[in-house]
Amino acid sequence: MPTSPALVRLLEILQPSLAMYLGDSGIWSYPGPEELRLAIAALVSDHRQVADRAALILEEREVPVPKTVYPISFSGWHDVGLQHILPRLVAGLKRQEMDLEHIAATPDDATAAGLAAEAAKITRQHVAALDQIAAKLRAGLSAKPATT
């Protein structure tokens, strides 16, 4: 049975992210355009699916699943408009993508490498979608922010 540090690291990358915090704290409570909320919700859903699969594999390997602990600094973003959080969110996703690609390139655990490659691809796709939304917001082409 392979050791699992790569799977543990994958969870440490995905779980305590700003996107996951926004999901756990209620994306719908943040002011901002609906298309941005939907894009973040889709990102969180995709990352949770990968994280859940990694956690299941760790449990099967009888390795403790790391607990999610968000940085305290994230709590200062509550009630800030999503369009103002967007640049920080995208920057964090780009760092995640690099970290995930590093895990995907390690041959020690093929399962972890495969999940990391999948997560990196998903992250890249969501970064592209969020970049498009950001460009639309800058150009004033997005719908008016939804009220909460």
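Now for a look at the structure at hand. Keep in mind that this is a model prediction, so the values were computed, not measured.

### Quick notes on the environment of E35
Working step 1: Position of E35 among the secondary structure elements: in helix α3 (residues 34-60).
Working step 2: E35 sits in the partly exposed class, given a relative accessible area of 26%.
Working step 3: In sequence terms E35 and L130 are 95 residues apart; their C-alpha atoms lie 9.7 Å from each other.
Working step 4: Engagement of the side chain of E35 in a polar contact is seen with the side chain of K136, the distance being 3.2 Å.

### Quick look at unusual backbone geometry
Working step 1: One non-glycine residue, E62, adopts positive backbone phi at about 60 degrees.
Working step 2: Positionally, E62 belongs in the loop between α3 and α4 (82-104).

### Thoughts on the side chain of Q15
Working step 1: If you trace the backbone, Q15 turns up in the loop between α1 (5-14) and α2 (18-25).
Working step 2: On the accessibility criterion, Q15 (14% relative accessible area) is buried.
Working step 3: There is a polar contact of 3.3 Å between the side chain of Q15 and the side chain of T68.

What counts and how
Residues numbered from 1 in each chain as written. Predicted model: local features only at pLDDT ≥ 70, side-chain atom pairs only at ≥ 80, totals over all residues. Heavy atoms only, no water. Helix = DSSP H or I, 4+ residues; strand = E, 2+ residues; numbered from the N terminus. Buried < 20%, exposed > 50% of the residue type's maximum accessible area, 1.4 Å probe, protein only. Polar contact = N/O pair within 3.5 Å; in protein donor to acceptor, adjacent residues only side chain to side chain.

Scope: geometric values only; no functional claims are made or implied.
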